[in-house]
Amino acid sequence: MEILVGDLAKLFGLSSQTLHYYDEKGILNPQRDILNGYRYYDVSDLSRLGGIKKLRNAEFSLPDGLDICNGMDDWELICMYQKRKQELNAEIEKKQQIIMKLDEDMALYTRYQRIGNEITVDELEGFLRFESAGTHIIFQDQKMRKEAIPWFMNILHTSACEMYYEDKDTKEFSHFTYGMMANISTAKYLNLKLTENVKEIKSGLFITSMFEIEYDPDSLIERIQQCIRYAKEHQKIIRGNPCIRNIFSYQSKDQKRKSLKQILIPVS
């Protein structure tokens, strides 16, 4: 049985260029008609290409697929399959984490559309907070820049935030630093560590409030004060500094930069 390049390419859903590449690399060994220059493939090429295509569909790399097709014992084959299975499971977990984060952000946006700026008390998972002390810049030295890399590389799973501190004279939460935060479960998945620059905020009750805003520090502080007053009115003890996390930022049609933010104040 002789099969032309175009027919074999269509049969396996490949391009003719891919078959040409396989020929150049010696992966396939077609016969060439000396009269018309056409290349013909036989049953052995069909079988070999079928084996390669099967492994490529399982997302083995071409070199790994060729290693398998070129011959190995049963144990080596099982090890190769097990390795690929582990790689796929890791990819699935990564995609699931992305889906969970997108669901979380969409749920927060949906909630904001439903209740607006309403202040609530919610049971929430704790989080890790990375920030640099005494500055508005999250990394000011080489050590901190290195520590910041996993936080910024995984910025879908981590969130930009601002931590507010009470002024000793005015007793108001006016001083703030920039930082990054990640839920405890997310931090574990990303292998983020507790350090002198990373603190853990324990899970439990949090006063929360969301708002959509153009950047305005005075407005942020006023919203925090509203939440502080709410805590006092409802006999809640504040167990940590207020944090404002950025859920997402976008540019509106009128070219204004806006953000959906959430105030988090741990209470008991």
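Our structure is the block above this text.
Residues numbered from 1 in each chain as written. Predicted model: local features only at pLDDT ≥ 70, side-chain atom pairs only at ≥ 80, totals over all residues. Heavy atoms only, no water.

## Digging into the overall build of the protein
Logical step 1: A tally of helices and strands in the protein yields 8 helices and 11 strands.
Logical step 2: Radius of gyration (C-alpha) of the protein: 29 Å, far over the 18 Å computed for a compact globule of 268 residues.
Logical step 3: Going through the 268 residues of the protein one by one, you find that 38% of them count as buried.
Logical step 4: In the protein, the proportion of contacts linking residues at least 24 apart, taken out of those at least 6 apart, comes to 65%.
Logical step 5: Just so you have it, the protein exposes about 16200 Å², and 53% of that area is on carbon and sulfur atoms.
Logical step 6: If you average the places of the 37 positive and of the 40 negative side-chain charges in the protein, the two averages end up 3 Å apart. (Helix = DSSP H or I, 4+ residues; strand = E, 2+ residues; numbered from the N terminus. Rg over C-alpha atoms; globule rule 2.2 N^0.38 Å. Buried < 20%, exposed > 50% of the residue type's maximum accessible area, 1.4 Å probe, protein only. Contact = heavy atoms within 4.5 Å. Areas by Shrake-Rupley, 256 points an atom, 1.4 Å probe, with all protein chains shown as cover. Lys, Arg positive; Asp, Glu negative; His and termini not counted. Charge placed at Lys NZ, Arg CZ, Asp CG, Glu CD.)

## Here's the deal with helix 6 (residues 142-153)
Logical step 1: Over its 12 residues, helix 6 extends 17 Å from the first C-alpha to the last, a length consistent with the 16 Å expected when each residue adds 1.5 Å.
Logical step 2: Within helix 6, burial applies to Met144, Glu147, Ala148 and Trp151. Down the axis of helix 6, the smallest arc covering the buried residues is 100°, so these residues share one side. Along helix 6, the residues that are exposed and aim more than 90 degrees away from the buried face are Gln142, Lys146 and Met153.
Logical step 3: Those residues of helix 6 hidden inside the fold are in contact with strand 5 (127-131), strand 7 (173-183) and strand 8 (198-201).
Logical step 4: Capping the start of helix 6, Asp141 holds a side-chain oxygen 3.3 Å from the backbone nitrogen of Lys143, two or three residues further along. (Expected span 1.5 Å × (residues − 1). Arc of directions from axis to C-beta. Polar contact = N/O pair within 3.5 Å; in protein donor to acceptor, adjacent residues only side chain to side chain.)

## As for the pairing of strand 9 (residues 204-213)
Logical step 1: Across the 10 residues that make up strand 9, a large majority, 8, are buried.
Logical step 2: As defined by bridge partners, strand 4 (residues 120-124) adjoins strand 9 across 5 bridges and the pair is classed as antiparallel. Residue pairing in the sheet places Thr120 in a bridge with Thr208 of strand 9.
Logical step 3: Bridge analysis of strand 9 against strand 11 (residues 257-267) gives 9 bridges, and the strand direction is antiparallel. Following the sheet pairing, Glu212 is matched in strand 11 by Leu260. (Pairing = 2+ DSSP bridges.)

## Topic: the pattern of salt bridges
Logical step 1: With the rule as written, the count across this model stands at 13 salt bridges.
Logical step 2: For Arg129, the salt bridge identified is with Glu131, shortest N-O distance 2.7 Å.
Logical step 3: Salt bridges here are not isolated pairs; linked through shared partners, they connect Glu59, Arg84, Glu87 and Glu91. (Salt bridge = Lys/Arg side-chain N within 4 Å of Asp/Glu carboxyl O.)

## Brief notes about the side chain of Thr158
Logical step 1: Topologically, Thr158 is positioned in the loop between helix 6 and strand 6 (159-166).
Logical step 2: Among the polar contacts listed, one links the side chain of Thr158 to the backbone oxygen of Trp151, at a separation of 2.6 Å.
Logical step 3: Those residues in contact with Thr158, other than ones at most four positions away along the chain, are Trp151, Met180, Met181, Ala182, Leu190 and Leu192.

## Some words on the pairing of strand 6
Logical step 1: In this structure, strand 6 lies alongside strand 7, joined through 8 bridges in antiparallel fashion. Within strand 7, the position partnered with Cys161 by the bridge is Gly179.

## Looking at the nonpolar core
Logical step 1: With 18 residues, the main nonpolar core has Tyr164, Ile207, Ile224, Ile244, Ile263 and Ile265 as its most contacted residues.
Logical step 2: Listing elements by their share of this core, those giving two or more residues are strand 7, strand 9, helix 8 (217-233) and strand 11.
Logical step 3: When residues of this core are assigned to their parent elements, the largest contribution, 7 residues, is made by helix 8.
Logical step 4: With residues near it in sequence (within four places) discarded, Ile265 still touches Leu205, Phe206, Ile207, Ile224, Cys227, Ile228, Ile238, Gly240 and Pro242.
Logical step 5: Counting 14 residues, the second-largest nonpolar core is a separate cluster that includes Ile3, Leu8, Tyr22 and Leu62. (Core = buried A, V, L, I, M, F, W, Y, C linked by side-chain atoms within 4.5 Å.)

## Quick notes on the packing of helix 3 (residues 43-57) against helix 4 (residues 62-69)
Logical step 1: Packing of helix 3 against helix 4 brings their axes to within 9 Å, and their N-to-C directions diverge by 135°. The angle between helix 3 and helix 4 falls in the class oblique. Relative to helix 4, helix 3 is oriented so that their crossing is right-handed. Facing helix 3, whose interface residues are Arg48, Gly51, Ile52, Leu55 and Arg56, helix 4 presents Leu62, Gly65, Leu66, Ile68 and Cys69. (Axes fitted to C-alpha atoms, helices over the stretch in contact; angles between N-to-C directions. Parallel < 35°, antiparallel > 145°, perpendicular 65-115°, else oblique. Left-handed = near helix turned anticlockwise from the far one by under 90°.)

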